[in-house]
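# Secondary and tertiary structure notes
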Amino acid sequence: MTEVVPAIGRSIPRPRAKRLISGRGRYTGDITARRTVHVAFLRSPYPHAIINSISADAARSLNGVVLVATGADIAQHCKPFAGIHRLFKGMKAPDQLPVAVGRACWQGEPVVAIAAETRAIAEDALDLIEIDWEPLEGLGTPEKAVAGVVVLHDKLGDNIGYDGVTASGDIDAAFAGAAVVVQDTFRFGRHTGVSLEPRSILAAYDPSDESLVVHESHQCPAQQQAVFADLMGLQEHRVRVVCPDVGGAFGLKQQLYGDELATCIIAKMTRRPASFIADRVESFASDNHAREHVVEARMAFDPDGRIRGLMIDDLFAVGAYSQYPRSSIGEASHVAALTGAPYDIAAYQARVRMVYQNKPPVGHYRAVGHPIACAVGESLLDQGARALGLDAIAMRRLNQVRDGSGPHTSHSGFVLNGLSVEATLDRVLEGFDVAAFRKEQAEARERGILLGLGIANFVELAGTGAPYYGESGAPVTAQESCLVRFEPSGQIRCHASATDQGQGTDTAIGQAVADAIGVFFDDVEVISGDSMACPSGGGAWASRGASAGVEAAVRAGRAMRDEILRLAGLILQRKPEQMTVAGRVIRDASTGAELVPLKDVATIGHYRQHLLPPGTQPEMSMLRSFVPQNQSFLTTNGVQLSVVSIDPGLGDVRLLRHRVAHDSGTVINPMLLNEQIRGGVVQGLGAALFEEIRYGEDAVLGTGTLMDYLVPLATEIPDIEVVHVANADPGTTIGAKGAGEAGTAGAAAAVLNAVNDALALIGASVNTLPITPERVLAAIDQVTREDQQAPGNYK
Amino acid sequence: MKPTSFSYHRPGTLPEALALLSEYQGAARILAGGQSLMPLMAMRMARPERVIDINRIDDLKGIRDAGDTLTIGALTRYNDILRSPLIAAQMPLLAEAIGHVAHHAIRNRGTIGGSLALADPSAETPATCLALGARIVAQSTSREREIATDDFFDGLMSTALEEHEILVAVRIPKRPTALPHAFIEFARRKGDFAQAGIILAPAHDGMPENRAVIFGIGPTPWRSAALEAAFGGEGFAAAPKAALKDELNVYFADDEAAAFKLPIVMTLAQRAFARLKP
Ligand SMILES: Cc1cc2nc3c(=O)[nH]c(=O)nc-3n(C[C@H](O)[C@H](O)[C@H](O)COP(=O)(O)OP(=O)(O)OC[C@H]3O[C@@H](n4cnc5c(N)ncnc54)[C@H](O)[C@@H]3O)c2cc1C
């Protein structure tokens, strides 16, 4: 028998990966139920239009069509819902229904649902529906929305869903006494998560006991159970939500979608299982989007480069509705919380406005708000360095929050704990020769190529604690739980409330439980993603798997180990504390002598209780939970470094090098951690250079497919180097911190700074993401309008 | 994303395929590599009642040396062209161009005939065939005819091919191996359709005129008079920027788009001419 080696700290591959790469994934679309009806939606072709009438007789009479339901038909089976977050005083959100009634407010909003024997028939029937539309003016830009050209929802009075200010220090004095003030207006394009597996749902309703079983490609089964029960008026313990394998989620699969609720209602109406699988085209028009901010920002400096003050005004344009149940405000609130957070800033003022316009709802996408905050703060810092003629790295060092300074209340009023900004910056620069790069940059310029170096520090609000959603009013929990079962075989099963959409959370939980008990990783099986089979908990969001999810698992594992040793003690007539679990045996803690096979303890506990002393009740499973009760967020930090080259003749930006230094606390699984960071970086690079859902002024969608919405491909991405600072979190047993969003948080900012470092060579700059060739050429054109030569000729 | 229902035919010979095509004129589409037709059908942007799959017709496959020309069968896959020693030796420009088409999985199925028949203005193959002075061979039940590529691309994704005709081959005049050429394109990501591209092919015995083709802009690839005027002599230093701008303005109603494309075309043109220099 091999010795047991601790699982934590090892790059153990995900057990799920083997199944997935051998084509044995069990996604929602793989699950079949007899007599399933397939649902397709007629979606509004207009961004904003009144629905005067719907004629659906021809569709109804098409062979194979089971049900044609309008918004009004669907609305009879549920309550309306509104994405309000009560922590944000004064927030306004309109009521929503699963399918539009009377008016469509974005292009792609579901208007009619059709259930048929096949999806193809349902699509055929869509063609037969006639709608008398009355198009209205659409709000397609944040500025148009804020100006109130049209008021989208009469009851709200205007299009402003939230307007709030965060402030600290004397901002007027800070700017009045500044040696230099830099100022810019940053624009961020609209993105979406682009998961490989689209949104999918299979709902089955049983009228005999009024139960609903839903298979759904989602991150939060417990939340969905509560939401479906509440909105459909069902008893919650008769609603079960199973999230089987999920092919990427990224925050996109964290909310309620009208078309998914409508599918549950169709299952109830037709009394047949109902399946809806979004196709790629409707995904672009109906998945939650993210970002779309216009941020006006100013930063004031002392002559030595110290930051005196920071002011931002974030205009955050969501869609026609606030996402439900978590609301859309999170992104803007994170911008206010995090801009400039790596630095000590005495005076701060942030205004955020969330406005409604005629587009799909904006939701939570990996690193909610962080990329915006990071890009704004880090770009201003670089601009300050250029204006003062100082070194941007030295300026960062001057202003950074000091490591080891303990809990620190940021200028935005958040308690940031255990930051290591100084250490991560040092670490990212280890082995990177800035002076050599500057030389290379000068040489490249002789050849007409512009090279740039960008650095971006970032602070993350991960592992959300109880207060944030506790105050929101939504059925969202920050608590995670884990049920550990000591099986008759002597092996372990864990039922976790934390879920896994490819991150490897299950693997990390398995590693933690294996070590907590003392068994082999292979003897632990983790089950997650089922609101009935697993304890209630948060699921997956805000990089919480390795902190909250693992902590609950460790606690349950240790409790299970204690019980195993108690039973072994009773069997062997020894003190429990003098024994350890070691793989498949129990050993004497001091001599290491093998005492009894673990399986024998399990056998007695499950089948031969009469052998135990009278009055002994074995407990063969243990449930433990963990909630960060009083902290809003578990904070951590990192830094990214990017090197780019620009071909000024084409406006083309190429990524040459990308490095990340991150404080992930204790590293549970180096491989999974690094790949989480890399995956996040890639999504951030997409935001920096490629991804943008384009809309016209009138809110007509311009990017319908992956031909127009460019995601970065392997060929565009340099090797991403990842290094760590392991500064364990004192709040948990293991000390792991969130890492899933770190890559996305800082990548775009690092690229933006690198591009502007390159463009500064010719006096140009950009402030809009993504940085497309059009935008680079326009920036170059501005500084060279007089030069009649082709723009390739920079010397 | 499910196609409308359609009937599927898979003839084994060209005459059978032509007979089916003339029988169902207007209601049928040819299926070659399917890399464009299948997505179009899935999105219901194409709704053919009948699909005639020509993949079993071996006569349409392969590259033949026909003396002064190379004849490439319509059903020859991109990757077969890329791997062909005959193409490598006689027609490196074509291989270079196809190297920019999409990714392996698509090049394994996509065909030269499909690309020419589809006539996407940003596609590499139609533009390259135009630059090489190629001729398209089209066949119907009644006749075979040859169409010069100059006359073939007659509008956005529209060609001189008639509804009852199958594109059976493309004939390309062989080029002297020492003759230089230039192929250059700008795409956002490797394998993407070009944002803009320029091909320069100097004249030779089989092709009496210097050809310069611009693609990725406008409804079809086109021979640029402004660039062809820059062959020889001083080369591109005396580049006719104004003339190029006029050419671009033919295609862009709004000045902004032309303003964005012009510097890119200028840059590509400069670099393309630089490549012609030995
Ligand atoms: C992800 C992706 C990326 C791509 N990127 C590029 C790229 O960078 N550059 C590029 O050039 N292309 C690109 N393509 C398109 C690809 O090259 C297509 O394969 C090609 O355009 C069509 O060839 P096919 O053989 O697949 O034709 P099909 O899709 O089978 O047919 C296309 C059309 O041509 C007609 N047709 C086909 N063969 C004949 C024939 N012999 N006679 C008459 N009509 C015929 C069909 O009826 C249909 O209308 C890409 C495609 C994909 C899916």
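Every residue gets a number counted from 1 within its own chain, in the order that chain's sequence is written. Here every chain gets a letter starting at A, and every ligand a number starting at 1, in the order they are written. Thresholds applied to this predicted model are a pLDDT of at least 70 for local features of residues and 80 or more for the giving and counting of side-chain atom pairs; totals over whole chains, interfaces and linings are not thresholded and use all residues. Side-chain descriptors were evaluated using all non-hydrogen atoms of the structure, hydrogens and water having been removed beforehand.

## Structural notes on the site of the ligand
Residues and elements named next belong to chain B. So the rule is basically this: A molecule or strand has a residue near it when one of that residue's heavy atoms lies within 4 Å. Here a polar contact is taken to be a pair of N or O atoms separated by no more than 3.5 Å, where protein atoms must pair a possible hydrogen donor with a possible acceptor and residues adjacent in sequence count only if both atoms sit in side chains. Values of accessible area rely on a 1.4 Å probe in the Shrake-Rupley scheme; residue burial ignores everything except the protein chains shown. A run of H or I in DSSP becomes a helix once it reaches four residues, and a run of E becomes a strand once it reaches two; helices and strands are each numbered from the N terminus. For this scheme, ten residues count as nonpolar: Ala, Val, Leu, Ile, Met, Phe, Trp, Tyr, Cys and Pro. Four count as charged, namely Asp, Glu, Lys and Arg, and the remainder, Gly too, count as polar.
Near the ligand you find 30 residues, and of these Ile-30, Gly-34, Tyr-78, Thr-111 and Glu-124 are the closest. Residue Ser-36 places a main-chain N or O atom 2.9 Å away from an oxygen atom belonging to the ligand. Contacts to the ligand include Phe-193, whose backbone N or O atom sits 3.4 Å from an oxygen atom. Calculation on the ligand without its partners gives an accessible area of 960 Å², and the protein chains cover 89% of this total. Of all the secondary structure elements, the ones that give two or more residues to the shell around the ligand are strand 2 (28–31), helix 7 (112–118) and strand 10 (166–173). Of the residues contributing to the shell around the ligand, the split by class is 17 nonpolar, 10 polar and 3 charged.

## Re the interface of chain A and chain B
Formally: By the convention used here, residues are in contact when the closest approach between their heavy atoms is within 4.5 Å. Computed with a 1.4 Å rolling probe, the buried area is the accessible surface lost when two parts are put together, summed over both parts. Salt bridge criterion: a side-chain nitrogen from Lys or Arg within 4 Å of a carboxyl oxygen from Asp or Glu.
With 33 residues of chain A at the contact, the number on the chain B side is 23 residues. Between chain A and chain B lies a buried interface of about 2,300 Å² when both sides are counted; carbon and sulfur atoms form 58% of it. Remark: the boundary between chain A and chain B carries 5 salt bridges. Asp-124 of chain A is paired through a salt bridge with Arg-44 of chain B; the nearest N and O atoms lie 2.8 Å apart.

## A short note on the packing of aromatic side chains
Residues and elements named next belong to chain A. For clarity, the cut-off: We call Phe, Tyr and Trp rings a pair once their centres come within 6.5 Å, taking the six-membered ring for Trp, and we label the pair stacked below 30 degrees between planes, edge-to-face above 60, and tilted otherwise. Think of it in three bands: residues with accessible area under 20% of the maximum for their type are buried, residues over 50% are exposed, and the middle band is partly exposed, with areas taken using a 1.4 Å probe on protein chains only. The rule for a charge over a ring is simple: NZ of Lys or CZ of Arg within 6 Å of the ring centre, and within 35 degrees of the ring normal.
Applying the stated rule across the entire model yields 15 aromatic pairs over all chains. With a centroid separation of 6.4 Å and 35° between ring planes, the pair formed by Phe-432 and Phe-437 is classed as tilted. Between Tyr-468 and Tyr-469, the aromatic rings sit 4.9 Å apart at their centres with planes inclined by 85°, giving edge-to-face as the arrangement. What makes Tyr-468 buried here is its relative accessible area of 8%. For Tyr-469, a relative accessible area of 5% translates into the label buried. In this structure an aromatic cluster arises from ring pairing among Phe-88, Tyr-162, Phe-414, Tyr-468, Tyr-469, Trp-541 and Phe-633. If you follow Arg-280 out to its NZ or CZ, it ends over the ring of Phe-284, 4.5 Å from the centre. The side chain of Arg-544 reaches across the aromatic face of Trp-541, ending 4.5 Å from its centre.

## Brief notes about the confidence of the model for chain A
Low-pLDDT stretches of the model should not have their predicted coordinates read in fine detail. To be explicit about the condition: Confidence of the predictor at the level of single residues is given by pLDDT, which spans 0 to 100.
Per-residue confidence for chain A averages 96 on the pLDDT scale, and 98% of its residues sit at or above 70. Residue range residues 788–795 of chain A is modelled with pLDDT below 50. Its contacts to residues more than four positions away, or to other chains, number 20 contacts.

## Description of the sheet that holds strand 23 (residues 585–588) of chain A
Pairing between the strands of a sheet is mediated by backbone hydrogen bonds and can be parallel or antiparallel. Residues and elements named next belong to chain A. Let me state the cut-off plainly: For two strands to be treated as a pair, DSSP must find no fewer than two bridges joining them. Comment: axis = line fitted to C-alpha atoms, over the contacting stretch for helices; angle = value between 0 and 180 degrees taken between N-to-C directions.
With antiparallel pairing, 3 strands are arranged side by side in an open sheet as 22-23-24. Edge positions in the open sheet fall to strand 22 (579–582) and strand 24 (594–597), since each of these has one partner strand only. Looking at each pair of strands side by side, their axes are set apart by 30° on average, direction ignored. Relative to strand 24, strand 23 runs antiparallel, the two being bridged by 3 bridges. What sits directly across from Ile-586, in strand 24, is Val-596. Lying over the sheet, helix 17 (residues 545–572) contacts strand 22, strand 23 and strand 24, oriented at roughly 120° with respect to strand 22.

## Considering the domain arrangement of chain A
Residues and elements named next belong to chain A. Let me state the cut-off plainly: Residue ranges for the domains trace back to a domain assignment, done automatically or taken from a database.
According to the domain assignment, chain A consists of domain 1 (17–23 + 479–626), domain 2 (31–136 + 196–249 + 253–286) and domain 3 (289–466 + 630–789). Using C-alpha coordinates to define each centre, domain 1 is positioned 39 Å away from domain 2. Contact with domain 2 buries surface across domain 1, with Gln-501, Gly-529 and Ser-531 losing the most and accounting together for 44% of the total. Between the two partners, domain 1 and domain 2, sit 2 salt bridges.

## Some words on the side chain of Arg-272 of chain A
In this structure, Arg-272 of chain A sits in the loop between helix 8 (258–270) and strand 12 (274–277). Here Glu-117 of chain A takes part through its side chain, which lies 3.0 Å from a polar atom of the side chain of Arg-272 of chain A.

## Examining unusual backbone geometry
Residues and elements named next belong to chain A. Between Tyr-324 and the following residue, Pro-325, the backbone shows a cis peptide bond with an omega angle of 5°. Here Pro-325 shows up in the loop between strand 14 (307–317) and helix 10 (330–338). Put simply, Leu-769 and Pro-770 share a cis peptide bond, and its omega is 0°. Structurally, Pro-770 is set in the loop between strand 29 (768–769) and helix 21 (773–783). Even without being glycine, Arg-35 reaches a positive phi, approximately 65°. Mapped onto the fold, Arg-35 is located in the loop between helix 1 (15–21) and strand 1 (37–43). Given a relative accessible area of 52%, Arg-35 falls into the exposed group. In this structure, Ser-327 is a non-glycine residue whose phi angle is positive, near 75°.

## Some points on the environment of Tyr-8 of chain B
Residues and elements named next belong to chain B. Within the element layout of this structure, Tyr-8 appears in strand 1 (residues 7–9). A sequence separation of 45 residues divides Tyr-8 from Asp-53, and the C-alpha atoms of the two residues are 7.4 Å apart. Residues in contact with Tyr-8, not counting those within four places in the same chain, are Leu-31, Val-51 and Asp-53. At 2.5 Å, the side chain of Tyr-8 and the side chain of Asp-53 are in polar contact.

## Comments concerning the environment of Ala-160 of chain B
Residue and element names in this part refer to chain B. On the secondary structure map, Ala-160 appears in the loop between strand 9 (158–159) and strand 10. Residues Ala-160 and Ala-117, spaced 43 residues apart in sequence, show a C-alpha to C-alpha distance of 9.2 Å. In this view, Ala-160 contacts Arg-145, Ile-147, Asp-151, Phe-152, Asp-154 and Glu-165; residues no more than four positions away in its chain are not counted.

## Some points on the pairing of strand 19 (residues 480–486) of chain A
All names here are of chain A. Of all 7 residues in strand 19, 5 are buried, a share of seventy percent or more. Pairing of strand 19 with strand 25 (residues 621–626), which is carried by 6 bridges, proceeds in the antiparallel orientation. From the neighbouring strand, Val-484 faces strand 25, where its bridge partner is Met-622. Both strand 19 and strand 20 (residues 492–496) contribute to a ladder of 5 bridges, which runs antiparallel. Each bridged residue has a counterpart across the sheet, and for Leu-483 the counterpart in strand 20 is His-495. Turn length for the strand 19-strand 20 hairpin, with the two strands adjacent in sequence and antiparallel, is 5 residues, and the turn residue Gly-490 shows positive phi of about 90°.

## Some words on the side chain of Asp-287 of chain A
All names here are of chain A. Note that Asp-287 resides in the loop between helix 9 (280–286) and strand 13 (289–301). For Asp-287, the side chain forms a polar contact with the side chain of Arg-199, separated by 2.8 Å. Ignoring any residue separated from it by four or fewer positions in sequence, one finds Asp-287 in contact with Thr-192, Arg-199, Leu-252, Tyr-257, Arg-280, Glu-282 and Pro-360.

## Side note on the domain arrangement of chain B
Residue and element names in this part refer to chain B. Here the domain parsing of chain B yields domain 1 (7–53), domain 2 (61–173) and domain 3 (182–276). Overall, the association of domain 1 and domain 2 removes approximately 1,100 Å² of surface from exposure, summing both partners, and the carbon and sulfur fraction of that is 72%. Connecting domain 1 to domain 2 are 0 salt bridges. In this assembly, domain 1 and domain 2 are joined by 0 residue pairs in polar contact (both at pLDDT 80 or more). Counting residues per element, the side of domain 1 that touches domain 2 draws most heavily on helix 1 (residues 14–23), at 6 residues. Looking at the side of domain 1 that touches domain 2 residue by residue, the class counts come to 7 nonpolar, 6 polar and no charged.

## Remarks on the sheet that holds strand 5 (residues 69–73) of chain B
Residues and elements named next belong to chain B. Read across the open sheet, the 5 strands follow the order 4-5-10-6-7; overall the sheet is antiparallel. Both outer strands of the open sheet, strand 4 (63–66) and strand 7 (144–148), are each paired with one neighbouring strand and no more. This sheet shows a mean twist of 25° between the axes of neighbouring strands, independent of strand direction. Note that strand 6 (residues 135–139) and strand 10 share 5 bridges and pair antiparallel. In the strand pairing of strand 10, Val-137 is matched with Ala-169. In this fold helix 1 packs onto strand 6 and strand 10, with an angle of close to 125° to the strand it touches most, strand 10.

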